[in-house]
Amino acid sequence: KKYVYFFANGKAEGRADMKDILGGKGANLAEMTNLGIPVPPGFTISAEVCKYYYDHGRTYPEELKEQVEEAMRRLEEVTGKKFGDPNNPLLVSVRSGAAISMPGMMDTVLNLGLNDETVKGLAKLTNNERFAYDAYRRFLQMFGDVVLKIPHEKFEKALEELKKEKGVKLDTELDAEDLKKLVERYKQIYKEEGKEFPQDPWKQLWLAIDAVFGSWMNERAIKYRQIHGIKEGDLLGTAVNIVAMVFGNMGEDSGTGVAFTRDPNTGEKKPYGEFLPNAQGEDVVAGIRTPLKLEELKNRMPEVYNQLLEIMDKLEKHYRDMQDIEFTVERGKLYILQTRNGKRTSQAAIRIAVDMVHEGLITKEEAILRVRPEDVEQVLHPVFDPKEKAQAKVIAKGLPASPGAATGKVVFNAKKAEELGKAGEQVILVRPETSPEDVGGMAAAQGILTSRGGMTSHAAVVARGMGKPAVVGAESIEVHPEEGYFKVGDVVVKEGEWISIDGTTGEVLLGKVTTIKPQGLEGPVAELLQWADEIRRLGVRTNADIPRDAEVARKFGAEGIGLCRTEHMFFEKDRIPKVRRMILAKTKEEREKALDELLPLQKEDFKGLFRVMKGLPVTIRLIDPPLHEFLPQEDEQIKEVAEQMGVSFEELKNVVENLKELNPMLGHRGCRLTITYPEIAVMQTKAIIGAAIELKKEEGIDVIPEIMIPLVGHVNELRYLKKIIKETADALIKEAGVELTYKIGTMIEVPRAAVTAHQIAEEAEFFSFGTNDLTQMTFGFSRDDVGKFLPEYLEKGILEHDPFKTLDYDGVGELVRMGKEKGRSTRPDLKVGVCGEHGGDPRSILFFDKIGLDYVSCSPYRVPVARLAAAQAAL
Ligand code: PEP
Ligand code: MG
């Protein structure tokens, strides 16, 4: 079996599409060789050997030794040098390279083949003793560190000491004699560590090969694969690349550098990179000397520069993506050591993809698949200044509930956040959890941090709706609002002190970290999303409760409202007393009186929404949360509210106590409330239909309101409410003498509803899957308390994803699929959407597209993400 793939002089045995066995680096070296690009000759040992190595107790296939020896012979032939020959030594580099790039998994070993004899040959050959001994001491250092695991600080220390003795600052100030001395000291270090430096180059080579294959299972590599979701079995292992050395440190006509074909920060189409004269690769990485801008190469070696530009152009056109190229110049001759698709910022990713379509390099479809949904999200939210962030201390980590970076003074109380916010102060609202009462403070804050709750907790949902950064469920934080401080470990943060939160990563940082304004939906990203719209099948609506949010969503491309949570309007200052009066009402008449006062306000709300949506569909859900959420819970506040309402403390306290439930999320909420109090459904219907009628009459705007009933589990619940709603609506329409169509539908968020969807669809004119509650009830996980155990579930691999963020395909997803099928079996034209938080999650969107839903609905700031994800799903 063939395990070794040779490349030299314009001909290679491998190709770019052999990444699986040659690794990214090896495949690209082969490909570049075939393209006629000046690559130093060498060979790649296949990743299949790595697999064999671990399958067979760290041994190699029999054929390997001979194949490696044969490849070395060929390498000697094409270079005219000989491995281990003191007169004309061949030196090689040994590097790892898996099919997926894993930076830093293993360091490189350079200058392999040097020993006490060959170093002399190298000195003579290059007529440069200093260079030869510098190469030798570097090799001793790298070989010791990477292959024999001698702590590299030991070598660093010896180098520093020598420089001190000499009274010099830079490595380059050491002369040949110094470096010889250093070589001896390095050998001494080997001895002290009980390790032997092999003088035999073949021994060096095999030990280095062992080290590369061994590094596949080192802690760093395993961790890297874990973090990046690379599973065992995804890859065979790493390949090993053995390449003839070229030297960038042979004088001022030599050097080494990195070149990007486009600016990886902005995406601008212009060469970008760094160059370090008279240096080897690791000098650039080590940051000891400051590299020059790539353009400097133009002045120093114009021919090399021009050749490099030509190669960059050729490589980019060939790979049809921005390339990150490592190059070395040896005595005026350019060598390309590596090329790969360059890492880039989100902004650059979008710009490059769009530009490349205009340049005819890639198709629109390819551009859409290349940009990650997170990239689109990134350009819509502020980010931290990376330098400042790197220096800030991370004190806790919670769930990344709403993306973006925020910094501000800690405030523990929503009212105070509002006051300070109004006064122009930047604050972060820190709460154990939030409730509807806190919405004002949340709006005034830069960001929100809670110690409890999951991805669909109140804080998470509301923050996402506002496009505000939030970290929730940071369980390691103890919040003491009354005492005015929070505590993590032994760090205490008092009210008024600065913290920063990163809602994209879930990190909580101590102190103020500058944020950088988002770019917004202009320029290339707008164009990309337009292409996405041409391609996607799924509709994208938004979850919005107030006209301002709806407007943002429209700007971001929402095609309607998929969920208006009407109760959110009840918390406004002018409404909450009326809502409370309704709750306290002892008779139906009293309740209707309070509702009558709410009606005109709620009608105006809906008019506002309809106006913004200009005839697009608007789904309005009837009241959903348990009533206790509208009442104060602490005695202090109960006293205050009782006074305002003109009732006694005892009376209000009594009501509060009566409304308490052990499992409020499974309690008296959703349609159960309106079945008990149909007057509420009547009022809300009047407001919805009344708003539509008035808009039609006064402003000529046609709306098709969709009235949605939450938490239905049995068709009879729907039947009962539908009748009331219909009677109310039809009477209003008749009285107004207008033509108006409206729909009555339901949320599918109770498992029983999904199972009996065929019955429910006989009554429901549309379905909207409430995957938040459906996940809660399918798993039996309280959506507000998952923070207590979910992190462990993820860590221990019991669940792969947070099911409140990414739809559980097999369980909850199956209910959605089945619900849709059953629903359509009795009502073939049933419109089916999703309005749970999963509607804005790319992985979930993939599933919703596949099972044939009509649309997803998500918070305004996720609409662009959903548009892209829906297009990707369609491709
Ligand atoms: C849901 O349950 O998925 C839903 C959208 O409703 P809410 O989050 O308001 O319970
Ligand atoms: Mg729900």
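Residues numbered from 1 in each chain as written. Chains lettered and ligands numbered in written order. Predicted model: local features only at pLDDT ≥ 70, side-chain atom pairs only at ≥ 80, totals over all residues.

Engineer: Give me the overall build of the protein: which residues, what numbers.
Structural biologist: In terms of regular secondary structure, the protein is built from 35 helices and 32 strands. Seen along its three principal axes, the alpha-carbon backbone of the protein occupies a region of about 105 × 60 × 55 Å. Sequence separation of at least 24 residues holds for 68% of the intrachain contacts in the protein that already meet a minimum separation of 6. (Helix = DSSP H or I, 4+ residues; strand = E, 2+ residues; numbered from the N terminus. Contact = placed C-beta atoms within 7 Å.)

Engineer: Which residues make up the UniProt feature "domain: PEP-utilising enzyme mobile" (unreviewed entry) in the protein, and what values go with them?
Structural biologist: On the UniProt side, "domain: PEP-utilising enzyme mobile" (unreviewed entry) is annotated at positions that read residues 425-506 here. The straight-line gap between the two end C-alpha atoms of residues 425-506 is 23 Å; of that span, 18% is helix and 35% is strand. (UniProt positions renumbered as here; feature names shortened; annotations may be inferred.)

Engineer: I'd like a rundown of the sheet that holds strand β11 (residues 333-341), residues and numbers included.
Structural biologist: Backbone hydrogen bonds hold the strands of a sheet together, and the pairing may be parallel or antiparallel. A sheet is described by the order of its strands in space; here five strands give the open sequence β9-β8-β7-β10-β11, paired in antiparallel fashion. Each of the sheet's edge strands pairs with one partner strand only, and the pair in question is β9 (292-293) and β11. Taken strand by strand, helix α12 (residues 302-319) contacts β7 (255-260), β10 (323-330) and β11, and its axis lies near 150° from that of β10. (Pairing = 2+ DSSP bridges. Axes fitted to C-alpha atoms, helices over the stretch in contact; angles between N-to-C directions.)

Engineer: Would you mind going over the packing of helix α4 (residues 118-126) against helix α5 (residues 129-147) in detail, with residue names and values included?
Structural biologist: Taken N-terminus to C-terminus, the directions of α4 and α5 make an angle of 145°; their axes are 7 Å apart at the nearest point. Considering the relative orientation of α4 and α5, their crossing is right-handed. Together, V119, L122, A123 and T126 of α4 and E129, F131, A132, Y133, A135 and Y136 of α5 make up the contact between the two elements. In terms of residue class, the contact of α4 with α5 is made up of eight nonpolar, one polar and one charged. (Left-handed = near helix turned anticlockwise from the far one by under 90°. Nonpolar A, V, L, I, M, F, W, Y, C, P; charged D, E, K, R; others polar.)

Engineer: Describe the UniProt feature "binding site: Mg(2+)" (unreviewed entry) in the protein, naming the residues involved and giving the relevant values.
Structural biologist: As recorded in UniProt, the sites labelled "binding site: Mg(2+)" (unreviewed entry) are E749 and D773. In summary, the annotated positions, though distributed over 25 residues, converge in three dimensions, the widest C-alpha pair being only 5.3 Å. Structurally, E749 can be placed in the loop between β29 (743-748) and α29 (751-755). On the basis of neighbour counts, which here come to 27 C-beta atoms within 10 Å, the residue E749 falls in the buried class. If we ignore the near neighbours within four places in the chain, the residues touching E749 are P710, L711, F769, G770, D773 and L774. (Buried ≥ 20, exposed ≤ 12 C-beta atoms within 10 Å, placed from the backbone.)

Engineer: Which residues make up the domain arrangement of the protein, and what are the values?
Structural biologist: Annotation of the protein at the domain level lists domain 1 (255-341), domain 2 (383-516) and domain 3 (536-626 + 661-874). One C-alpha centre belongs to domain 1, the other to domain 2; they are set 42 Å apart. (Domains from an automatic or database assignment.)

Engineer: Describe α5, and please don't skip the residues or the numbers.
Structural biologist: Look at α5: 26 Å from first C-alpha to last across 19 residues, which is about the 27 Å you get at 1.5 Å a residue. Counted residue by residue, α5 has 16 buried out of 19 residues, so it is predominantly covered. One or two residues past the end of α5 sits K149, with phi positive at roughly 60°. (Expected span 1.5 Å × (residues − 1).)

Engineer: Run through the confidence of the model for the protein, naming residues and quoting values.
Structural biologist: In the predicted model, the protein carries a mean pLDDT of 93, and the fraction of residues at 70 or more is 99%. The complex model carries a pTM of 0.85, and its ipTM stands at 0.99. (pLDDT = per-residue confidence, 0-100.)

Engineer: A description of the site of ligand 1 should follow, citing residues and the corresponding values.
Structural biologist: As a matter of local geometry, ligand 1 sits amid T456, L563, R565, D624, E749, G770, T771, N772, D773, C835 and G836. Secondary-structure elements contributing two or more residues to the shell around ligand 1 are β26 (561-565) and α31 (771-779). At three residues, the largest contribution of residues to the shell around ligand 1 is made by α31. Among the residues forming the shell around ligand 1, the class breakdown is two nonpolar, five polar and four charged. (Near = placed C-beta within 6 Å.)

Engineer: Quick one: what's the story with the sheet that holds strand β19 (residues 477-480), residue by residue and with numbers?
Structural biologist: The strand order across the open sheet built from three strands is β19-β20-β21, with neighbouring strands paired in antiparallel fashion. Two strands in the sheet have a free side with no partner beyond their single neighbour: β19 and β21 (491-494). Pairwise comparison of adjacent strand axes, ignoring direction, gives a mean angle of 15° for this sheet. Examined bridge by bridge, strand β20 (residues 485-488) and β21 share four bridges and lie antiparallel to one another. Within β21, the position partnered with F486 by the bridge is V493.

Engineer: So what about the environment of F6? Which residues, and what values?
Structural biologist: For F6, the position within the fold is in strand β1 (residues 4-8). The class for F6 is buried, based on 20 C-beta atoms found within 10 Å. Counting along the chain gives 235 residues from F6 to N241, while the straight-line C-alpha distance between them is 9.9 Å. Ignoring anything within four residues of it in the chain, the contact list for F6 reads E13, F43, A71 and R74.

Engineer: Describe in detail the pairing of strand β25 (residues 539-543), supporting the description with residues and values.
Structural biologist: Within a regular beta strand, the side chains point alternately toward one face of the sheet and then the other, so they alternate between its two faces. For β25, the tally of buried residues reaches five of five residues, placing the bulk of the element in the interior. Of the two faces of β25, both are covered, the one formed by G539, R541 and N543 as well as the one formed by V540 and T542. Relative to strand β32 (residues 855-858), β25 runs parallel, the two being bridged by four bridges. Residue pairing across strands places R541 opposite S857, the latter belonging to β32. Relative to β26, β25 runs parallel, the two being bridged by two bridges. When the bridges of β26 are listed, N543 appears paired with L563.

Engineer: Outline unusual backbone geometry, listing residues and values.
Structural biologist: Of note, the phi angle at R331 is positive, near 45°, even though the residue is not glycine. Within the secondary structure, R331 sits in the loop between β10 and β11. Residue classification places R331 among the partly exposed residues on the basis of 13 C-beta atoms within 10 Å.

Engineer: Give me the nonpolar core: which residues, what numbers.
Structural biologist: The tendency in soluble globular proteins is for nonpolar side chains to be buried side by side. Formed by 213 residues in total, the largest nonpolar core has its most connected members in A353, A367 and L528. Per-element accounting of this core gives the leading share, eleven residues, to α5. Viewed by domain, this core spans two of them, domain 1 (255-341) and domain 3 (536-626 + 661-874), each represented by three or more residues. Setting aside residues up to four positions removed in sequence, A367 forms contacts with A353, V354, M356, V357, I362, L528 and W531. The next biggest cluster of nonpolar side chains, apart from the first, holds 48 residues, and it includes V383, A396, L429 and V461. (Core = buried A, V, L, I, M, F, W, Y, C linked by C-beta atoms within 7 Å.)

Engineer: Lay out helix α20 (residues 524-535) in plain terms, naming residues and giving numbers.
Structural biologist: Here α20 is twelve residues long and its end C-alpha atoms lie 17 Å apart, about the 16 Å a rise of 1.5 Å per residue gives. Along α20, the positions that sit buried rather than exposed are P524, V525, L528, L529, W531 and A532. Viewed along the axis of α20, the buried residues span an arc of 155°, placing them on a single side of the element. Exposed residues pointing more than 90 degrees away from the buried face of α20 are listed as Q530 and E534. Of the surrounding elements, those touching the buried residues of α20 are α13 (346-358), α14 (364-370), α15 (373-378) and α35 (863-874). (Arc of directions from axis to C-beta.)

Engineer: Tell me about the packing of helix α27 (residues 678-699) against helix α28 (residues 715-736), residues and numbers included.
Structural biologist: One can describe the packing of α27 onto α28 by two numbers: an axis separation of 9 Å at closest approach and a directional angle of 35°. The hand of the α27/α28 crossing is right-handed. Taken together, the residues of α28 that come into contact with α27 (itself represented by P678, A681, V682, T685, K686, I689, G690 and I693) are L721, I724, I725, T728, A729, L732, I733 and A736. Taken together, the residues of the contact of α27 with α28 sort by class into twelve nonpolar, three polar and one charged.

Engineer: Talk me through the environment of V755; I want residue IDs and the actual numbers.
Structural biologist: Mapped onto the secondary structure, V755 falls in helix α29. Under the C-beta neighbour-count criterion, V755 is labelled partly exposed, with 16 such atoms within 10 Å. Separated by 103 residues in sequence, V755 and L652 have C-alpha atoms that sit 40 Å apart.

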